[in-house]
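This is what each chain is made of:
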Amino acid sequence: MHDLDIQHKPHRHTGKEALPSDPLKQRVVLVGNPNVGKSVVFNYLSGLYVDVSNFPGTTIEIAKATYLHYELYDTPGIYGVSSFNDEERVARDIILNADIVINVVDAVHLERDLFLTQQLIDMGKRVGVVVNMLDEAKKRKIAVDLEMLELELGVPVIGTVAIRRDGLEKIHELVVNAREGKQQKELHAELHNMLSTLGSQAEALLVLEGDQIVADRHGVAHVHASKREEIYIDRRNRVNRLLDRVLVDVQVGKRFSSTLGRLAVSPLFGFPILALVLYVLYLFVGVFVAQDVVDISEDVIGKGIVEFHIKQFVASRAATTVRISLIEEDGQVSDSRAEFFPEGLERNPSLWNELRDWAESGDAEYEFEYSSPWLILFFGEFGAVTMTLTYLVFLLLPLVLGFYFALSMLEDSGYLPRLATLVDRVLRIIGLNGRAVIPLILGFGCVTMATITTRLLGTQREKTIATTILQLAIPCSAQLGVIAALLATAGATATLIYVCVITAFLVLVGTVLNSKLPGETSPLLIDLPAMRFPQMNNVVKKTLFKSWFFMKEASPWFFIGALLVSVLQVTGALRHIMDALAPIVVGWLQLPREAATAFVMGLVRRDFGAAGLYDLSLSPYQTVAALVTITLFVPCVASLMVMFKERGLREGMYIWFGSLLLALTVGGIVSQILL
Amino acid sequence: MTLGDLRKGGNALIQDLPEGEFRSQFIRLGLVKGASVRCLHRLPGGTIVLEFSRQEIALSGELASTILVTIP
């Protein structure tokens, strides 16, 4: 390798300072293919405090932390550095700004992973390589000559089993010793000649490989894509030759994938396994968490204890009417009393105590009606503070934890890509591909959460389709419980009609959007990692991490939504809206007037909507019409806000008004036909 | 014939990759001219599960039918 005549000063070139950071600290960036164990390494190095933020201009999340005196960055899993999709674009820019690149590779799949390694070296970056998953390699009788690899690549190499923390202690040395590796002479010379127009060797290589965006940043004309192919094939061949010297394959041609992994994606067993997995998912999240856990957390702890004490505290210092109802076992009110405290409970302790004693005689429900509208706004029936708190912490949080736990298990076990493969064809009908299965499943948990997750999808088009379907046709768990109960009362025919209408609508919307929106859904090309038993500490960490991230993102929206509704209620506007809606509800949908209330309340909290219908004793067909309307109409105010945030105001408005129109139209048609 | 025509259990050698954005992704994964692949499964709808050099990937039928192969 010839010496470089030009002094390489570390400098940053993204056209915009994309990553605000300390200019004195060196940047260490973790790079690797998906599923190589990169995040385990990141977690090991980063410790407890990790900052996750969106890469500016994208919805890709990047994790940043401090490692000793370095700034540590994680990048999305990529197969190569270029601009094929959002993940690659983000990774590309982070890598361009990196001082040191730690490349994590999978010992079992070196022939695939080393392509990226070689590219990073060709970019002239200081690289250190972590060959992970040595335990898996050993199981499959693959021996990797790490020293030879180091010699061939020209960069330091260590071997690890990151899950067991074996070898990770050598990382510090790796970071310190990271250096430029062996580069192909002609390529290197060519890149050097380009340095006068382009800032760094790395950018020169990217431009040579056809990266239009990097070329534009320096005003360089577009390089014909065939150069990329030439470089790629040459790189491929170099890696193959290298592998011959580095890999010792004791048993060639052996079957390397586990039986389970094979079966899980086979046409015969794959679908039954899928059905089983979905059923277990339903049992865990839909029954255990959504019903059993939430019953305790929301009613007993949330409303019974936390809300009660907050409201009582407020009532103790402000003019309040306290209304207590004694509830019989069957839910009927047997007796009630109301007392007015002009200066709050504190000023009249004897009356308050008397009331409390009376309430002890049965199962009591307390209502605190404040005189001040401001207090009602924040602590009243739809009090922004109390309602948001209960909803977020005692209803949503358990659900979110449950869902993300299930998702992390699926991910860690390696099953998720297989799931995506199986459902790909079906999802294609509605214009999505296998990857969309994640947001769609999460939608049954919380549509707000799922809408945020649509960031995962590859193209804007897919995000739009997925978001629309989520908002329109997928009922969230808060609703599902009540819907199921209502349908149970309504009977089998009603249930069938309901399911058919919703499904048909879902397919219709997806198909229409698929044909109307420009572009095409990206075809499936997915790597199926080996299946293995999920590592619990990995799963728990991911669950907590993702749940925390969601709560952080979504909470403000729930609060704002609750505040909005509270304002509408206090000003009486809510009542006006319901009155305005009433004629349509009665005339077109052929439902009792009170259903209008239920629909509007559904916007506040989805379960309020469905629950409101409960009290109306509707006929089976009326139930279908009502449920169709409520399911099709956009879900709660929080998901509405998140939708505006993710899709933008204009698109959000289209979806919202569209769904309102469609919900009323379809609901009405169903009603007119059936009744 | 194309990869999309490969039967379950069948072996093939990649002969030609399609032009376009996926070409580079194939090369990266190691699906290059001359590479030996084996079809593990065919799913209803055309999706194919392939095995080659210790990896397993799944790709949609339409993508598979753009890749020319020969039978060894």
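Note that the structure is a prediction, hence the values are computed from the model and not measured.

Rules behind the numbers
- Residues numbered from 1 in each chain as written.
- Chains lettered and ligands numbered in written order.
- Predicted model: local features only at pLDDT ≥ 70, side-chain atom pairs only at ≥ 80, totals over all residues.
- Helix = DSSP H or I, 4+ residues; strand = E, 2+ residues; numbered from the N terminus.
- Buried ≥ 20, exposed ≤ 12 C-beta atoms within 10 Å, placed from the backbone.
- Contact = placed C-beta atoms within 7 Å.
- Nonpolar A, V, L, I, M, F, W, Y, C, P; charged D, E, K, R; others polar.
- Pairing = 2+ DSSP bridges.
- Axes fitted to C-alpha atoms, helices over the stretch in contact; angles between N-to-C directions.
- Parallel < 35°, antiparallel > 145°, perpendicular 65-115°, else oblique.
- Left-handed = near helix turned anticlockwise from the far one by under 90°.
- pLDDT = per-residue confidence, 0-100.
- Domains from an automatic or database assignment.

Trainee: Break down the overall build of chain A for me, with residues and values.
Mentor: A tally of helices and strands in chain A yields 28 helices and 13 strands. If one aligns the C-alpha atoms of chain A with their principal axes, the spans along those axes are about 90 × 60 × 50 Å. Here chain A holds 675 residues, and the buried ones make up 47% of them. Restricting to contacts in chain A with at least 6 residues of sequence separation, those with at least 24 account for 73%.

Trainee: For the interface of chain A and chain B, give the residues involved together with the corresponding values.
Mentor: Contacts between chain A and chain B engage 29 residues on the former and 28 residues on the latter. Within the residue set of the side of chain A that touches chain B, elements represented by two or more residues are helix H3 (110–122), helix H10 (226–246), helix H16 (416–429) and strand E13 (525–527) of chain A. Among the elements that make up the side of chain A that touches chain B, the one with the highest residue count is H10(A) (five residues). Across the side of chain A that touches chain B, the residue classes tally to 15 nonpolar, five polar and nine charged. For E13(A) and strand E4 (residues 55–59) of chain B, the ladder comprises three bridges, and the chain directions are antiparallel. Paired with A:Asp527 across the two strands is B:Ile57, which belongs to E4(B).

Trainee: Explain the pairing of strand E2 (residues 36–42) of chain B to me, using residue names and the numbers behind them.
Mentor: Residues and elements named next belong to chain B. Of all seven residues making up E2, five are buried, and the element is well covered by its neighbours. Examined bridge by bridge, strand E1 (residues 11–16) and E2 share three bridges and lie antiparallel to one another. Across the sheet, the residue bridging to Leu13 is Ser36, located in E2. As paired strands, E2 and strand E3 (residues 48–52) are joined by four bridges and run antiparallel to one another. Bridging from a neighbouring strand, Arg42 pairs with Ile48 of E3. The turn joining E2 and E3, which pair antiparallel and follow one another in sequence, is formed by five residues; a positive phi near 105 degrees is taken by Gly45.

Trainee: Got a sec to walk through the packing of helix H22 (residues 536–570) of chain A against helix H27 (residues 637–647) of chain A? Specific residues and values, please.
Mentor: Residue and element names in this part refer to chain A. With their axes 8 Å apart at the nearest point, H22 and H27 run at an angle of 120 degrees to one another. The pairing of H22 with H27 is recorded here as oblique in orientation. Of the two possible hands of crossing, H22 and H27 adopt the one that is right-handed. Contact residues: H22 offers Ala554, Trp557, Phe558, Ile560, Gly561, Leu564 and Val565, while H27 offers Val637, Ala638, Met641 and Val642. Residues belonging to the contact of H22 with H27 are distributed by class as follows: ten nonpolar, one polar and no charged.

Trainee: Could you give me a rundown of the sheet that holds strand E8 (residues 157–159) of chain A, with the residues and numbers involved?
Mentor: Residue and element names in this part refer to chain A. Reading across the sheet, the seven strands line up as E2-E3-E4-E1-E5-E6-E8 and stay open at both edges, with mixed pairing between neighbours. The open sheet has two free edges, formed respectively by strand E2 (51–54) and E8, since each of these has just one partner strand. On average, adjacent strands in this sheet sit at an angle of 25 degrees to one another, irrespective of strand direction. Sheet topology note: the E2/strand E3 (residues 61–67) ladder contains four bridges and is antiparallel. Across the sheet, residue Val52 finds its bridge partner in E3, namely Ala63. Most of the contacts of helix H1 (residues 38–46) go to strand E4 (residues 70–74), to which it runs at about 155 degrees, and overall it touches strand E1 (26–32), E3, E4, strand E5 (100–106) and strand E6 (126–132). Each of E1, E3, E4 and E5 is contacted by helix H2 (residues 86–96), which is oriented at about 145 degrees to E1, the strand it contacts most.

Trainee: So what's going on with the confidence of the model for chain A? Which residues, and what values?
Mentor: Residues and elements named next belong to chain A. Model confidence for chain A is summarised by a mean pLDDT of 81, while 93% of its residues fall at 70 or above. By mean pLDDT, helix H25 (residues 606–614) is the weakest element of chain A at 71, and E6 is the strongest at 95. Throughout residues 1–18 the model reports pLDDT below 50, and contacts reaching past four residues in sequence, or to other chains, amount to 19 contacts. Across residues 252–256 the pLDDT falls below 50, and counting only partners more than four positions away or on other chains, this stretch makes two contacts in the model.

Trainee: Describe the packing of helix H15 (residues 384–412) of chain A against H22(A), naming the residues involved and giving the relevant values.
Mentor: All names here are of chain A. Two elements in contact, H15 and H22, have axes whose closest approach is 8 Å; the angle formed by their N-to-C orientations is 150 degrees. The angle between the axes of H15 and H22 places the two elements in the roughly antiparallel class. In the packing of H15 onto H22, the handedness of the crossing is right-handed. Per-class residue counts for the contact of H15 with H22 are 17 nonpolar, seven polar and three charged.

Trainee: Can you explain the domain arrangement of chain A? Please cite residues and give values.
Mentor: All names here are of chain A. Once the domains are mapped, chain A shows domain 1 (26–182), domain 2 (319–371) and domain 3 (391–674). Using C-alpha coordinates to define each centre, domain 1 is positioned 38 Å away from domain 3. Looking at the side of domain 1 that touches domain 3 residue by residue, the class counts come to four nonpolar, four polar and one charged.

Trainee: Quick rundown of unusual backbone geometry? Include the residues and the values.
Mentor: All names here are of chain A. The phi torsion at Met133 lies on the positive side, around 65 degrees, for a residue other than glycine. Locating Met133 in the fold gives a position in the loop between E6 and helix H4 (134–139). You will see that Arg165, though not glycine, has its phi angle at about 65 degrees, which is positive. By the secondary structure assignment, Arg165 is in the loop between E8 and helix H6 (171–177). Residue Arg165 is classed as exposed on the basis of its 12 C-beta neighbours within 10 Å.

Trainee: Go over the confidence of the model for chain B with me, naming the residues and quoting the values.
Mentor: Residues and elements named next belong to chain B. Overall, the prediction assigns chain B a mean pLDDT of 86, with 99% of residues at 70 or greater. Per-element mean pLDDT across chain B ranges from 79 in helix H1 (residues 21–29) up to 90 in E2. Predicted complex, confidence summary: ipTM 0.91, pTM 0.75.

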